[in-house]
Amino acid sequence: QVQLVESGGGLVQPGGSLRLSCAASGSIFSINFMGWYRQAPGKQRELVAAVTSGDSTNYGDSVKGRFTISRDKAKNTVYLQMNNLKPEDTAVYYCNAAAVLSDAMRYDYWGQGTQVTVSS
């Protein structure tokens, strides 16, 4: 069992910045990558950013060039630095940890979510 706890969400003006943190605990030995997803009301959950155990990264098109994901392996923590925030970034952001057993088998763990609101 893996537990994920997010922090760092809040209210910020357009053009501002926030940093989200996600601390993992429990049986984390099988985790292959961690990342962030977000979901706005009435919208599908979408990938924001992910990082693998080899430190390769992947970003959603809407955040490319503005957000940066990083991981502190010693602290079992992943971060999302969000710069130049836009109103359309407003959503609940969820931390994700994935155990990939094969091409056909994947198990996802999720945090409780943290609200990010971008508004004047």
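Details of the structure are given in the entry above.
What this report covers is the structure whose coordinates are included nearby.

Thresholds, definitions, all that
Residues numbered from 1 in each chain as written. Predicted model: local features only at pLDDT ≥ 70, side-chain atom pairs only at ≥ 80, totals over all residues. Heavy atoms only, no water. Pairing = 2+ DSSP bridges. Helix = DSSP H or I, 4+ residues; strand = E, 2+ residues; numbered from the N terminus. Axes fitted to C-alpha atoms, helices over the stretch in contact; angles between N-to-C directions. Core = buried A, V, L, I, M, F, W, Y, C linked by side-chain atoms within 4.5 Å. Buried < 20%, exposed > 50% of the residue type's maximum accessible area, 1.4 Å probe, protein only. Contact = heavy atoms within 4.5 Å.

Turning our eyes to something else, we now look at the sheet that holds strand 3 (residues 18–26). Strand order across the open sheet formed by four strands is 1-3-8-7, with antiparallel pairing between neighbours. One side of each edge strand has no neighbouring strand; the edge strands of this open sheet are strand 1 (2–7) and strand 7 (67–72). Sheet twist, expressed as the average angle between the axes of neighbouring strands with direction ignored, equals 15°. Two elements, strand 1 and strand 3, share six bridges in a ladder whose sense is antiparallel. By the bridge assignment for strand 3, Ser7 is matched with Ser21.

Time to look at the nonpolar core. Membership of the largest hydrophobic core comes to 28 residues, with the highest contact counts inside it found for Leu4, Met34, Trp36, Leu80, Met82 and Tyr93. Mapped onto this core, the elements with two or more residues apiece are strand 1, strand 3, strand 4 (33–39), strand 5 (46–52), strand 7, strand 8 (77–82), strand 9 (91–102) and strand 11 (114–118). Sequence-distant contacts of Leu80, that is, excluding residues within four places in its chain, are made with Leu18, Arg19, Leu20, Trp36, Val48, Ala49, Phe67, Thr68, Ile69 and Tyr93.

Its location among the elements puts Gly26 in strand 3. Along the chain, Gly26 and Gln1 lie 25 residues apart, while their C-alpha atoms are 5.8 Å from each other.

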